[in-house]
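# Results of the structural survey
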Amino acid sequence: MKSAFLTEPRNIEIRETGMPVVKAYEVLVRIAYCGICTLEQRLYDGQRSIGYPIVPGHEASGTVVSVGSEVIGPIKPGDHVVLDLVNRCHVCPACLSGNSNLCESRYAKGQQVLGAFSTYMAVKPQQIQVIPPSLPLEQAAFAEPLSCCIRSLRKVGASLGQTLLICGAGTMGLLHLKVALAIGVRVIVSDIDGKRLEDAARMGADLVVNPSDIVAFRDSVRKATDARGVECAIVTSCAPSAASSALEVLAPGGKLNIYTSYGDKPPLPVDMHTIHRNEYMITGSEGRNESDFFCAVRALAYGKIVVDDLISNIYPLDEVGAALEKALAGNVYRVLLEMQGT
Ligand SMILES: [Zn+2]
Ligand SMILES: [Zn+2]
């Protein structure tokens, strides 16, 4: 089998390795596709490091090859699956209170959360979910990012009859758009990139606005919301101006979710008095729990969320370096790696 090892920033190489030893309580999966997420891009360009050498990859789909003797449940060879590689301990207060995305052991040594830039992986049964064969495996690779968007929208409680502002029309912004539309929310998308706004409009956004001119931005959002502003806003762009633009148009009682991660630690661009007077609820969301992931898998399987227009390029595993450079170039949506046939 093959894996792509990142040995230092901007140096990733394919190595032949032995097949994983599959323990009795594990499942062997032949990986089909893996998306290149922001995390992989940051690991590759050196903005973030979790040690070397490392095999990146956490947005994967594949097929079950074999099932260990102690695995209980309906998983069988030939099943198409998606991978949710976070290892949740199920015994810490975060896990026991329904927030297993914040599992206190999720970064502990040996907790495998990456590794899917590989042709095969041995995983625990709770790290996979079975999908119907009708769902293309390249679209199934979106289950992980989609589940994070579902968590984000649950955090702000976006619902029918409300207007949501999504700041940033990259892959994650547009995935938020698809989920919000599927649950009947009216959506305004903002971005400084005209092409991305066009794509958002084509994908069904009710209004697209460029926040470069903040006065014009505020006016158009206010006009679209009877001068009240939006009930909820989600920040998917790490430009600090994205969060400030959201706060410009948040209605009294509004909810704001900081979805994006940041390379540094910018302060919240709002004063405490304004939060008090408007009863703003400001929250963050990171990752997803099992329920978010299950919901994402179902939404994809039922055709309620269709993501084929968010796949910009598919590269064979052997061209992983070129694929990462392409993803980093910034003018694309998801770049996927295809693991087989390489
Ligand atoms: Zn991801
Ligand atoms: Zn835990």
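What counts, and where the lines are drawn
Residues numbered from 1 in each chain as written. Chains lettered and ligands numbered in written order. Predicted model: local features only at pLDDT ≥ 70, side-chain atom pairs only at ≥ 80, totals over all residues. Helix = DSSP H or I, 4+ residues; strand = E, 2+ residues; numbered from the N terminus. Expected span 1.5 Å × (residues − 1). Buried ≥ 20, exposed ≤ 12 C-beta atoms within 10 Å, placed from the backbone. Contact = placed C-beta atoms within 7 Å. Pairing = 2+ DSSP bridges. Axes fitted to C-alpha atoms, helices over the stretch in contact; angles between N-to-C directions.

Next up on the list: helix α5 (residues 171–182). Taking 1.5 Å of rise per residue, 12 residues should cover 16 Å, and α5 covers 17 Å from first to last C-alpha, within 8% of that figure. If you check which residues of α5 are buried, you get Thr171, Met172, Gly173, Leu174, Leu175, His176, Leu177, Lys178, Val179 and Ala180. Looking at the packing, one finds that the buried side of α5 touches α4 (143–156), β8 (163–167), β9 (186–190), α6 (194–202), β11 (230–235) and β15 (334–338). Residue glycine 184 follows α5 closely and has a positive phi angle near 85 degrees.

Before going further, it helps to spend a moment on the sheet that holds strand β12 (residues 250–258). Overall, parallel pairing links the 6 strands, which are arranged β10-β9-β8-β11-β12-β13 in an open sheet. The strands lining the two open edges of the sheet, one partner per strand, are β10 (207–209) and β13 (281–284). Strand after strand, the sheet turns through a mean of 20 degrees between neighbouring axes, direction not considered. One ladder, built from 4 bridges, connects β8 with β11; its direction is parallel. Across the sheet, the residue bridging to leucine 165 is alanine 233, located in β11. With respect to the sheet, α4 is in contact with β11, β12 and β13, its orientation differing from that of β12 by roughly 155 degrees.

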